[in-house]
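Coordinates in review
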Amino acid sequence: MTPEAMTPEAMTAKAAMSDPLPASARRSHTPPESPLEAEGRRLGFLMALPTQLLLVFIVVFPLLMQLYISLTAWTPLYGQNWTQAWQSWNWFENYAEVMQDGRFWSALWRTFLVIIVCVPAQFLLGLGLAILFVENFPGKRVFYSVLLTPMMVVPAVAGYMFFMLFQSGGPINGILSDLTGLNVTTAWLSDPSLALAAVMIADIWQWTPLMFLILLAGLIGVPEDQLKAATLLGASWWQRFRTIMLPRIRTVIVIALVIRTVEIFKIFDNLYIMTGGGPGVSTETISVYIYKVTLQNLEWSYVATVALIILVSLSVVTAFGLKLMDRR
Amino acid sequence: MPTRLPLQLLRYALVLGAVAITLIPTLWMASMAFKPIPEWTASGAALRWWPENPTLDNFRFIFGGSTSELLVSLDRTAWRPILASLLASTFGTLLAMVCGTAAAYAVSRFRAGGNLPLSLIQLRIFPPMAVLIPVMIMWTFLDLTDTWYGLALIYGIVTLPFAFWLMKTFFDEMPREIEEAALVEGCSRLRVFLKITFPMMLAPFASSALFVFILNWSDYLIALLLTTKDWVTIPVYMASLSSSMTGQLYGAKAALGLIAALPPVILGIAIQRYLVRGLTFGALKQ
């Protein structure tokens with residue numbers, strides 16, 4: 001019998017033969033933990049403890065509370081403490097209500113719409129800029145620093161900048177008037193069909209630099225000798241880009257896309273300052289929806305339900321995604 | 001590879017175009033901050049990129065509470081929100097960096113913590129909105145609503161993933177020979193960390209702390225939810241700056257926005273080297 005042909009049972013049997021001790025006793029065969037290792041284990045436990053406790057504090061406890069509240073009709077309106085929420089226990093009524101809540105679904109769809117437009121736009125613009133910056137040219141460092149500034153601006157302040165820019169008498173219409181020769185007085189932010197576009201433009205302005213930064217870091221890591229060899233062999237720029245650069249930065253691209261998708265899903269600050277979710281509900285994304293329902297209608301048990309549904313769906317998606325990345 | 005001249009010119013044209021688009025919004029706000037009231041809403045032919053009569057009135061207004069030009073006066077000046085932003089961001093950063101560094105060392109050296117690294121990534125992915133209700137209830141129960149330390153606590157937790165992952169990549173990269181030599185000499189593990197490892201990590205620690213500070217300083221949403229009056233931060237205060245008499249106080253808001261925007265931009269340029277690492281959770285080190 002060759003070793004390759006051995007069945008698992010045969011291998012276990014063989015191992016048992018060469019090792020007469022039962023499995024429980026065999027464990028002590030591994031060298032006993034040295035004092036130094038024991039010290040490391042203790043110290044490691046203690047040093048990780050504060051972070052573990054904070055995680056329990058902010059994840060486990062709130063989730064349980066959220067689950068409990070979501071099964072009731074509790075609201076802080078009548079001064080009742082949340083612990084008494086069981087008095088208005090209503091099983092899954094909130095969940096049924098969410099399924100039929102058109103405003104929730106349209107907010108969710110709008111959030112995806114922003115992702116679908118902004119992530120590719122930021123990616124393509126960022127990649128284009130990164131390609132311009134691969135080679136050295138005079139002034140490169142200064143331009144690089146300037147191009148990174150938008151993503152360091154406080155998002156709420158960036159929202160306010162674009163709020164001013166998009167006023168009907170503001171500079172964007174001013175530039176458009178100069179270019180077209182007409183007197184453009186579009187009221188961007190109070191036009192339901194344009195407000196979301198304005199928000200998207202603001203987000204693209206602020207976060208294209210992040211794509212640029214990450215993608216450039218990836219492109220610079222592409223070994224130069226490979227590119228030179230390809231050039232000598234007569235490869236065109238496009239061929240070099242497609243066959244050498246692109247495969248090398250595939251992981252970088254995935255990371256950049258994932259980061260932006262996750263962040264835009266949470267979009268709130270700049271959007272809320274620019275439009276407050278309006279006019280009407282025309283720029284209401286999921287975060288704005290939750291915020292408004294929480295503060296205006298005070299239906300907290302309902303909000304807890306919405307939040308829990310989002311959290312659970314996100315957990316499933318990210319657990320799956322992280323597993324995929326891990327396997328890579 | 002020498003690039004041909006037309007291509008070189010094309011590159012400059014594109015880069016300069018991008019620079020212009022990058023700068024216009026910021027410059028407009030900066031210019032607005034120095035405009036007197038009549039120029040705030042000047043439009044059409046009267047639209048100017050630069051203030052015609054530059055003034056410091058907008059700054060006087062937000063710090064002093066009133067100016068001769070405006071009929072309205074502020075019941076709260078910008079000092080208190082600036083203090084709130086500083087306190088909450090600083091102590092939030094401190095909390096994140098202390099806990100994050102300790103945990104990063106534990107994970108990097110002793111493989112402690114189990115699922116901790118991935119749990120922290122998940123914490124980052126979750127929208128803060130989704131734990132809004134329980135957090136508001138907890139903060140009320142603990143009497144942390146509308147306090148700078150309550151805000152610092154949540155800031156510390158929210159930015160913990162960044163602190164942890166940044167420091168973990170630095171610890172992972174550090175050669176272990178020095179630590180091992182000290183252990184052979186009979187140093188305790190804790191002493192090795194405090195007296196040898198950490199002092200060597202001071203520069204990365206400082207850069208990571210600045211990075212985390214920028215994130216905390218940039219928050220709007222959390223402060224909007226957890227502060228109401230006494231300890232509102234700059235962005236929340238800024239958003240509340242409008243009155244029914246004058247409508248939007250464009251210049252005053254722009255002045256405040258400029259003050260809020262400057263520290264992160266300066267700090268961000270200072271730690272440019274670490275931005276990629278910080279923003280990608282150490283997945284990319286540049």
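Residues numbered from 1 in each chain as written. Chains lettered and ligands numbered in written order. Predicted model: local features only at pLDDT ≥ 70, side-chain atom pairs only at ≥ 80, totals over all residues. Heavy atoms only, no water.

With respect to the overall build of chain A
Across its full length, chain A holds 15 helices and 0 strands. Within chain A, the proportion of its 328 residues that are buried is 48%. Pairs at least 24 apart in sequence give 64% of the contacts found in chain A among residues at least 6 apart. In the structure as shown, chain A presents an accessible area of about 16,600 Å², 67% of it carried by carbon and sulfur atoms. (Helix = DSSP H or I, 4+ residues; strand = E, 2+ residues; numbered from the N terminus. Buried < 20%, exposed > 50% of the residue type's maximum accessible area, 1.4 Å probe, protein only. Contact = heavy atoms within 4.5 Å. Areas by Shrake-Rupley, 256 points an atom, 1.4 Å probe, with all protein chains shown as cover.)

So, the packing of aromatic side chains
Considering all chains together, one arrives at 41 aromatic pairs over all chains under this definition. Ring geometry for A:F133 against A:F212: centres 5.1 Å apart, planes inclined by 75 degrees, an arrangement best described as edge-to-face. On the criterion of sequence distance, the pair formed by A:F133 in the loop between α5 (102-132) and α6 (140-148) and A:F212 in helix α9 (residues 192-220) is long-range, its members being 79 residues apart. The class for A:F212 is buried, based on a relative accessible area of 0%. Seen from their ring centres, A:F137 and A:F143 are 6.4 Å apart, and the 20 degrees between their planes marks the pair as stacked. Neither A:F137 nor A:F143 differs from the other in exposure class; each is buried. Put simply, the rings of A:F133, A:F137, A:F143, A:Y144, A:F212 and B:Y12 pair up and form one aromatic cluster. For B:K35, the ring lying beneath its charged end belongs to B:W28, and the centroid distance is 4.1 Å. Above the face of the B:W231 ring, B:R80 is positioned so that its terminal group lies 4.2 Å from the ring centre. (Phe/Tyr/Trp six-rings, centres within 6.5 Å; stacked < 30°, edge-to-face > 60°. Lys NZ or Arg CZ within 6 Å of the ring centre and 35° of its normal.)

Details of the interface of chain A and chain B
Taken together, the contacts link 91 residues of chain A with 95 residues of chain B. Surface buried jointly by chain A and chain B totals about 8,100 Å² across both partners, of which 80% is contributed by carbon and sulfur atoms. Considering only the surface of chain A that becomes buried against chain B, A:M47, A:M152 and A:Y160 emerge as the three largest contributors, covering 9% of it. Linking chain A with chain B are 2 salt bridges, by the criterion used here. When the shortest N-O distance is used, the salt bridge between B:R11 and A:E135 registers 3.7 Å. Across the chain A-chain B interface, the total number found is 16 residue pairs in polar contact (both at pLDDT 80 or more). Of all the elements, helix α3 (residues 35-70) of chain A adds the most residues to the side of chain A that touches chain B, at 21 residues. A breakdown of the residues in the side of chain A that touches chain B according to their chemical character gives 68 nonpolar, 16 polar and 7 charged. (Buried area = accessible area lost by both parts, 1.4 Å probe. Salt bridge = Lys/Arg side-chain N within 4 Å of Asp/Glu carboxyl O. Polar contact = N/O pair within 3.5 Å; in protein donor to acceptor, adjacent residues only side chain to side chain. Nonpolar A, V, L, I, M, F, W, Y, C, P; charged D, E, K, R; others polar.)

Thoughts on the packing of α3(A) against helix α6 (residues 132-141) of chain B
Two elements in contact, α3(A) and α6(B), have axes whose closest approach is 8 Å; the angle formed by their N-to-C orientations is 105 degrees. By the criterion of interaxial angle, the relationship of α3(A) to α6(B) is roughly perpendicular. Listed contacts from α6(B) to A:F57, A:I58, A:F61, A:P62, A:M65, A:Q66 and A:I69 of α3(A) are B:I133, B:P134, B:V135, B:I137, B:M138 and B:W139. (Axes fitted to C-alpha atoms, helices over the stretch in contact; angles between N-to-C directions. Parallel < 35°, antiparallel > 145°, perpendicular 65-115°, else oblique.)

Here we look at the pattern of salt bridges
Two side chains of opposite charge can pair, provided their charged atoms sit close to one another. In the structure shown here, the tally under the stated rule is 12 salt bridges over all chains. For the salt bridge of A:K266 with A:E263, the shortest nitrogen-to-oxygen distance reads 3.8 Å. The exposure class of A:K266 is buried, given its relative accessible area of 10%. A:E263 gets classed as partly exposed once you look at its relative accessible area, which sits at 24%. Residue B:R124 pairs with A:E263 through a salt bridge whose shortest N-O separation is 3.3 Å. Separated into two different chains, B:R124 in helix α5 (residues 116-125) and A:E263 in helix α12 (residues 250-265) make up a pair that spans both. A network of salt bridges, in which partner residues are shared, links A:R103, A:E284 and A:K292.

Quick word on the packing of α6(A) against helix α1 (residues 5-33) of chain B
Helix packing geometry: the angle between the two helix axes and the distance between the axes. Where α6(A) meets α1(B), the closest approach of the two axes is 9 Å, and the angle between their N-to-C directions is 35 degrees. Once α6(A) is placed against α1(B), the crossing between them reads as left-handed. For the pair formed by α6(A) and α1(B), the contact residues are A:F143, A:V146 and A:L147 on the first element and B:Y12, B:V15, B:L16, B:A18, B:V19, B:T22 and B:L23 on the second. Of the residues belonging to the contact of α6(A) with α1(B), the class tally is 9 nonpolar, 1 polar and no charged. (Left-handed = near helix turned anticlockwise from the far one by under 90°.)

Considerations on empty space enclosed by the protein
Residue and element names in this part refer to chain B. If you walk through the whole model with that rule in mind, you get 2 cavities of 30 Å³ or more. If you trace the second largest cavity, you find it lined by S85, S89, Y155, N216, W217, D219, T233 and P235. Those elements that place two or more of their residues in the lining of the second largest cavity are α4 (79-110) and α10 (202-217). Classifying every residue of the lining of the second largest cavity gives 3 nonpolar, 4 polar and 1 charged. (1 Å grid on protein atoms, 1.4 Å probe; cavity = no way out; pocket = protein on both sides within 12 Å on 5 of 7 lines; lining within 4 Å. Points joined across faces, edges and corners; volume = space filled by probe spheres on them.)

Structural notes on unusual backbone geometry
Omega for the bond connecting A:G278 with A:P279 falls within 30 degrees of zero, at 0 degrees, which places this linkage in the cis form. Take A:P279: it is sitting in the loop between α13 (269-275) and α14 (286-297). In this model, B:R111 sits at a positive phi of 45 degrees, which is unusual for a non-glycine residue. Within the fold, B:R111 resides in the loop between α4 and α5. Phi at B:D146 is positive, roughly 55 degrees, even though this residue is not glycine.

Focus on the UniProt feature "transmembrane region" (unreviewed entry) in chain B
Under the feature "transmembrane region" (unreviewed entry), the UniProt entry names residues 12-34, 82-108, 120-142, 148-171, 192-214 and 250-271 of chain B. Across residues 192-214 of chain B one finds 96% helix and 0% strand; the C-alpha atoms that close the span lie 31 Å apart. (UniProt positions renumbered as here; feature names shortened; annotations may be inferred.)

Digging into helix α8 (residues 177-184) of chain B
Those residues of α8(B) that sit buried are B:E179, B:A182 and B:L183. Each buried residue of α8(B) sits inside an arc of 100 degrees when the element is viewed along its axis, so together they form one side. Of the exposed residues in α8(B), those oriented more than 90 degrees away from the buried face are B:E177 and B:V184. Its buried side turned inward, α8(B) meets α3 of chain A together with α4 and α9 (189-200) of chain B. (Arc of directions from axis to C-beta.)

Section: the side chain of B:R277
All names here are of chain B. If you trace the backbone, R277 turns up in helix α14 (residues 272-279). A polar side-chain atom of R277 sits 2.9 Å from a polar atom in the side chain of T169. Setting aside chain neighbours within four positions, we find R277 in contact with L166, T169, F170, E173, G282, L284 and K285.

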